[in-house]
Amino acid sequence: MRQAILRAPRVLDLAETAVPSPGPGEVVVRIRAALTCGTDLKTYRRGHPRVAFGPFGHEAAGDVAAMGDDIEGLSEGQPVAFVHTAGCGRCEPCRRGRENLCATLFDEIALGAYGDFLRLPARIVRRHLFPKPQGLSYIEAAFLEPLACVVHAWERLGQAAGARVAVIGLGPIGLLHIHEARRRGHEVIAVGRRRPGLGLAERAGAGHTLDSSTTEVGQALRALTGGGPDLVIECTGSPEVWNAAPDWSAPGGRVLLFGGLPGDSRAEFDATRLHYGEVDLVSAFHYRTADVRQALHLLATGAVKPYDMITGTRPLGAIGEVFQDLDRGIGTKYAILPEGVA
Ligand SMILES: [Zn+2]
Ligand SMILES: [Zn+2]
């Protein structure tokens, strides 16, 4: 089988490796579609703060190819949706229902979605492997992971409906946030630099769009909302935006810091603003099982239709060029198809 391996920053190749065989409790999936992700691009450029270099890619869907003897309720060829991590269920965060903070979350991670086959560890099979809902393409099903992250953030926010929300950064994650904000009854101002993102934001339901390359964002947000949005969602992963976002929200507002920064980064906020303005900073990481299930429901029912967030489809053999393109700012999210067709 072919397996994309990231060996060092910007050193990505497609190796020939043995097809994995499943151990007890494990399932091997034949990948039918994988998606590139902003996290992958960051990892491609500089490595990942928590994960070593190696098999690459984490968003995918496919068919069951083989499974451990003890697996029940699945059959070979069954189309499945899944995510690439699961909590252990035993550590302190897991017992408190915060499986996204599981002490061993990264120890049994299913990396290597850019390949022909992927082995899922037992904990993922137990908690985060589902029959692919009918009517959902493999590409749509592969959105389960990013959507689960977005759902988790909104569950954490618990924002009452009717808020004015500014979404900063209009890559796929920003667009998923717009969908979710609209679904939860909020008004959205979308802020981004690039034309496709701004257009897609409108289609996703943003009432206003701001081009941050030609507008002073804080001023424009204040003018549009009469004092600032109730919630600012940071989806750029850029330190400048992390630092500025608390200045952009209304007094008493909140900032969701969603786009991770490189390891060892420090952020700086205007302390006076936080204190006298009672601006709350909220961070969100990954997903709990409840978030994954909710995301699956949203996809299955068509409440979120992610298809227009795909820049295009590419064959697995082109994975090197795909990341060179992403690195140069060409496109935002590609569907990688091992067999070349959806
Ligand atoms: Zn992802
Ligand atoms: Zn745990």
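Given the structure is predicted, the values throughout are model-derived calculations rather than measurements.

Reading the values: the criteria
Residues numbered from 1 in each chain as written. Chains lettered and ligands numbered in written order. Predicted model: local features only at pLDDT ≥ 70, side-chain atom pairs only at ≥ 80, totals over all residues. Pairing = 2+ DSSP bridges. Helix = DSSP H or I, 4+ residues; strand = E, 2+ residues; numbered from the N terminus. Axes fitted to C-alpha atoms, helices over the stretch in contact; angles between N-to-C directions. Buried ≥ 20, exposed ≤ 12 C-beta atoms within 10 Å, placed from the backbone. Arc of directions from axis to C-beta.

Visitor: How should the sheet that holds strand 10 (residues 187–192) be read in this particular structure?
Guide: By definition, the strands of a sheet pair up through backbone hydrogen bonds, in either a parallel or an antiparallel sense. Spatial ordering of the open sheet is given by 11-10-9-12-13-14, a layout of six strands whose pairing is parallel. Lying at the two open borders of the sheet, with one neighbouring strand each, are strand 11 (208–211) and strand 14 (280–283). Pairs of neighbouring strands in the sheet enclose a mean axial angle of 20°, with direction left out of account. As paired strands, strand 9 (residues 164–168) and strand 12 (residues 231–234) are joined by four bridges and run parallel to one another. The residue of strand 12 that forms the bridge with valine 167 is isoleucine 233.

Visitor: In this structure, what is going on with helix 8 (residues 217–225)? I would like to understand it.
Guide: Helical periodicity: at 3.6 residues per turn, an α-helix aligns residues three or four positions apart in one direction. The complete set of buried residues in helix 8 reads Val217, Leu221 and Thr225. Projected down its long axis, helix 8 carries its buried residues within an arc of 45°, all on one side. Of the exposed residues in helix 8, those oriented more than 90 degrees away from the buried face are Gln219 and Ala223. Positive phi appears at glycine 226, one or two residues downstream of helix 8, with a value of about 65°.

From the geometry alone we can't say anything about function, so treat these as descriptive.
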